[in-house]
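Chain by chain, the residues:
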Amino acid sequence: AIYRIFTLQIKGHLQRSMTFFDSQLMFVCDQLNLRILDASDASISKLQYSRKELVGKSLSALGKNIDLTQEEFQELELPFIETWKIFSKKKEEFFVQFSSHLISYKGVPAKMVIAHDVTEVFKKGTSSRKLLSLPVGFQDFPLAEIEWDLNHKILRWSKRAELLFGYSHTDVNRNPFLLEDLIAESDFSKISDANKEALADLSPTKILSLKSKTKEGNFIECEWYNSYLFDGNGKITSVYSVIKDITEEKLAQEKSKQIMTSFMDLYNSITDAIYLLNPQGVIINVNDGLTKTFGYSKNEVLDKVIKFLSA
């Protein structure tokens, strides 16, 4: 589905202009180790490598991640996503922001990686929106994204994940198995069970509700929308998780539940008969006082027309 969406976006841009795809660095990379499988003409031209020199090289060998704060991104008016400094063969410096899309390339699990050139923004110290080509579909993406393997090693950590959990890209580089500290121990078995079910059923997605501990030590509850990428042998190569913080939503539900419990306690403590009717005059609920007043049990009056009690 991700590949189909990406294809449609490409087609839409091609119909309007070739500028974006002529100018951006684009790579097809191995899903797990980001080894370059193919590169666009713009990548070859800008980086001054031949296609043969680029293919087989790890994407990370081209440069290094820049660990900027959210405030620094805001000052530059750049999207809060992964940003790198990369170098051409002649050591020319480029600043890029990565977005990626899961695809299958010649039957192999792969990623289409776009390195959006924001060099002019960094050189000038201020942004010009005319100079900046924003990442396709990711600049306004509001949810955290994490990609990881079945050994719980994190393969990709988005800036939104940093905002949600407090851990920077540097923290993840230092501890790529951070996932094991992030998920509450009481909930970690849910992940293992979901992975086993996905593997057994070849299920592409699972939705889990998991408690997590942030870097600051706060506990939050999140919904994890897990998408599984399978290889040609039916084995899971990685899990792509889109994560939504539902802590406030859960607290609101719990508060509503408590209010309803208090209401029902009051409702049933009243000795007079109280009944609720739908627009057709059918009884849909009664309190305990009805039994004392009319002598009928709840089951005897539910779904009966109100005239039943006046007969």
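Residues numbered from 1 in each chain as written. Predicted model: local features only at pLDDT ≥ 70, side-chain atom pairs only at ≥ 80, totals over all residues. Heavy atoms only, no water.

Peer 1: Help me out: how do you make sense of the pattern of salt bridges in this one?
Peer 2: When charged atoms on two side chains of opposite charge get close, those side chains can pair. In this structure the tally under the stated criterion is 11 salt bridges. Put simply, E53 and K89 hold a salt bridge, and the shortest N to O gap is 2.6 Å. You can see E53 sitting in helix α4 (residues 51-54) and its partner K89 sitting in the loop between β4 (83-87) and β5 (93-105), a full 36 residues away along the chain. Between D171 and K215 there is a salt bridge, with its nearest N and O atoms 2.9 Å apart. Taken as a pair, D171 in helix α8 (residues 169-174) and K215 in the loop between β9 (205-213) and β10 (219-230) lie far apart in primary sequence, 44 residues in all. (Salt bridge = Lys/Arg side-chain N within 4 Å of Asp/Glu carboxyl O. Helix = DSSP H or I, 4+ residues; strand = E, 2+ residues; numbered from the N terminus.)

Peer 1: Even after reading the chapter, I still don't get the sheet that holds strand β11 (residues 236-245), so can you show me in this structure?
Peer 2: Sheets are built from strands that pair by backbone hydrogen bonding, the pairs being arranged parallel or antiparallel. Across the sheet, 5 strands lie side by side as β8-β7-β11-β10-β9; this open sheet has antiparallel pairing. The open sheet terminates on both sides in strands that have one partner only, identified here as β8 (154-157) and β9. Recorded for the sheet is a direction-independent mean angle of 25° between the axes of neighbouring strands. As defined by bridge partners, strand β7 (residues 144-148) adjoins β8 across 3 bridges and the pair is classed as antiparallel. Bridge pairing in β8 places W148 opposite I154. Packed on one face of the sheet, helix α10 (residues 188-201) meets β7, β9, β10 and β11 and runs near 165° to β9. (Pairing = 2+ DSSP bridges. Axes fitted to C-alpha atoms, helices over the stretch in contact; angles between N-to-C directions. Contact = heavy atoms within 4.5 Å.)

Peer 1: How should the nonpolar core be read in this particular structure?
Peer 2: I146, W157, F165, L182, W224 and I243 are the most contacted members of the largest nonpolar core, which has 27 residues in total. At the level of secondary structure, the elements contributing two or more residues to this core comprise β7, β8, α7 (159-165), α9 (179-182), α10, β9, β10 and β11. Beyond its immediate stretch of four places on either side in the chain, F165 contacts I146, W157, L182, S212, T214, K215, E216, I220, C222, W224 and I243. (Core = buried A, V, L, I, M, F, W, Y, C linked by side-chain atoms within 4.5 Å. Buried < 20%, exposed > 50% of the residue type's maximum accessible area, 1.4 Å probe, protein only.)

Peer 1: It is not clear to me how the side chain of T214 should be interpreted in this structure. Could you clarify?
Peer 2: When you line up the elements, T214 lands in the loop between β9 and β10. Taking relative accessible area as the criterion, T214 reaches 5% and is therefore assigned buried. Ignoring sequence-local partners within four residues, the contact set of T214 consists of L164, F165, Y167 and I220.

Peer 1: Could you clarify how one ought to interpret the packing of aromatic side chains in this entry?
Peer 2: Each pair of aromatic rings is reported with the distance of its centres and the angle of its planes. Tallied over the full model, the rule gives 4 aromatic pairs. The interplanar angle of 35° and the centroid separation of 6.4 Å between the aromatic rings of F165 and W224 together place this pair among those described as tilted. With F165 in helix α7 and W224 in strand β10, this pair connects stretches of sequence that are 59 residues apart. Residue F165 is classed as buried on the basis of its relative accessible area, which comes to 0%. Relative accessible area serves as the criterion here: at 0%, W224 is assigned to the buried category. Among the aromatic residues, those joined into a ring-pair cluster are W157, F165 and W224. (Phe/Tyr/Trp six-rings, centres within 6.5 Å; stacked < 30°, edge-to-face > 60°.)

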